[in-house]
Amino acid sequence: MKAPAGLTLYEHKESVCCHKVAITFAEKQLEPEIVNVSLERQGQRQPWYLAINPLGMVPALVHDGRPIIHSTIITEYLDDAFPDPPLMPKDPYWRARRRLWARRIEEGMHVPHIAAISFIVAFGHQFRARMNSPEKLQAYFDNIKDVRYRETIRSWYDSDLNSELLYQSLRAYHDFLHDMEATLREVPWLAGETYSLADIDVIPYLWRLSNLQLDFLWAKLPHVSNWFTRVTQRPAFKTAIIDVALPEWVDGMREAGSRAKPRLVEAVAAFDTVAA
């Protein structure tokens, strides 16, 4: 079913934040007008897009001429504006738990952690190939208005598979996944008895790790493994993510992840050894 007129989603098909919004649309069987924002060409920092989202990040939703930004806010907006089927838990406690998962994602699991892992394992060599002169590199950094984000990207630029930044991010996901396992041991979904925005918040991050060949991170976590299978087999996930994936991005992540995997398996094994 198409969405009502006046609903436009600005996105990139391989952005984890855009995945959250795309899945939400698919679960509600709504098809907005889609405008692709080319991250490859820095489309998110072009004046036309900054007029919609001054933060220069995807996604952005425009509904009846009014922009809504931040993926978590967009998914809640969609659930309010198009409440069938509902994706927020009804119980106040589980609504709060969903918001805790969302907050944890926003305050660390996205930047720096999934972003650092993605850049250092897979995207760094492409970035360096594009920024092949000091002038291009400086112009790129000068165009990032958020000082914290700019300096974070600088730190990734100087990193490789031996970087402490990478291991900090892998450790963060190791701990995050163990917290998921503890929750899923008690209830079938991350915010209680029903599939919800909590599951939609988290699945893009595990999907990215899987594409990077890092699904060994939860191989020994049976409840997380079962949850991952159940979520990725939902028709909405196939429609929103699998069917529209960009082969050059996905293949590149998988190839880079395969090369890095032996070194990263060794690093993660050390986490478990220390914990024991």
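All of the points below concern the structure found in this document. These numbers were taken from a predicted model, which means no experiment stands behind them.

**Some details on the nonpolar core**
Where a protein is soluble and globular, its nonpolar side chains tend to be buried together.
And step 1. Core analysis: the largest hydrophobic core is formed by 74 residues, its most contacted members being I117, M180, L206, L214, W218, W227 and L264.
And step 2. Here this core gets 14 residues from one element, more than from any other, and that element is helix α4 (residues 92-130).
And step 3. What M180 contacts, discounting residues up to four positions off in sequence, is W101, L190, V202, L206, V224 and W227.
And step 4. Core analysis: the next-biggest nonpolar cluster, separate from the first, contains 10 residues, L7, F25, L30 and I74 among them.

**A word on the layout of surface pockets**
And step 1. Here the largest pocket defines a volume of roughly 1200 Å³.
And step 2. Around the largest pocket, the lining comprises 43 residues; the ones closest to its centre are M57, H110, V111, A115 and Y149.
And step 3. Secondary-structure elements contributing two or more residues to the lining of the largest pocket are α1 (16-27), α3 (71-81), α4, α6 (147-157) and α8 (197-211).
And step 4. Residue contributions to the lining of the largest pocket peak at 13 residues, all from α4.
And step 5. Its residues assigned to classes, the lining of the largest pocket comprises 22 nonpolar, 11 polar and 10 charged.
And step 6. In this model, the second largest pocket occupies a volume close to 340 Å³.
And step 7. Of all the secondary-structure elements, those providing two or more residues to the lining of the second largest pocket are β1 (7-11), α1 and α10 (235-242).
And step 8. Residue classes in the lining of the second largest pocket are distributed as 12 nonpolar, 2 polar and 4 charged.

**Considerations on the packing of aromatic side chains**
And step 1. Tallying each qualifying case throughout the model produces 11 aromatic pairs.
And step 2. Ring geometry for Y10 versus W48: centroids 6.1 Å apart, planes at 45°, classification tilted. With Y10 in strand β1 and W48 in helix α2 (residues 47-50), this residue pair connects regions lying 38 residues apart in the sequence.
And step 3. Assessed through its relative accessible area of 43%, W48 is described here as partly exposed.
And step 4. Centre to centre, the rings of Y93 and W94 are 5.0 Å apart; their planes meet at 75°, and the pair counts as edge-to-face.
And step 5. Put simply, the rings of W207, W218, F228 and F237 touch in pairs and so form one group of aromatic residues.
And step 6. Against the face of W189 rests R230, its NZ or CZ located 4.3 Å from the ring centre.
And step 7. Between the NZ or CZ atom of R234 and the centre of the ring of Y195, over which it lies, the distance is 3.6 Å.

**Re the side chain of D201**
And step 1. Here D201 is to be found in helix α8.
And step 2. Here D201 is in contact with K20, R98, A102 and I105, once residues within four sequence places are set aside.

**A look at the pattern of salt bridges**
And step 1. One pass over the structure, following the stated rule, counts 10 salt bridges.
And step 2. For K13, the salt bridge identified is with E11, shortest N-O distance 2.4 Å.
And step 3. Looking at E11, the relative accessible area reads 3%, which means it is buried.
And step 4. K238 serves as the salt-bridge partner of D243, at 3.0 Å between the closest nitrogen and oxygen.
And step 5. By relative accessible area, D243 is classed as partly exposed at 48%.
And step 6. Via salt bridges that share partners, E76, R98, R99 and D201 belong to a single interconnected network.

About the criteria used
Residues numbered from 1 in each chain as written. Predicted model: local features only at pLDDT ≥ 70, side-chain atom pairs only at ≥ 80, totals over all residues. Heavy atoms only, no water. Core = buried A, V, L, I, M, F, W, Y, C linked by side-chain atoms within 4.5 Å. Buried < 20%, exposed > 50% of the residue type's maximum accessible area, 1.4 Å probe, protein only. Helix = DSSP H or I, 4+ residues; strand = E, 2+ residues; numbered from the N terminus. Contact = heavy atoms within 4.5 Å. 1 Å grid on protein atoms, 1.4 Å probe; cavity = no way out; pocket = protein on both sides within 12 Å on 5 of 7 lines; lining within 4 Å. Points joined across faces, edges and corners; volume = space filled by probe spheres on them. Nonpolar A, V, L, I, M, F, W, Y, C, P; charged D, E, K, R; others polar. Phe/Tyr/Trp six-rings, centres within 6.5 Å; stacked < 30°, edge-to-face > 60°. Lys NZ or Arg CZ within 6 Å of the ring centre and 35° of its normal. Salt bridge = Lys/Arg side-chain N within 4 Å of Asp/Glu carboxyl O.

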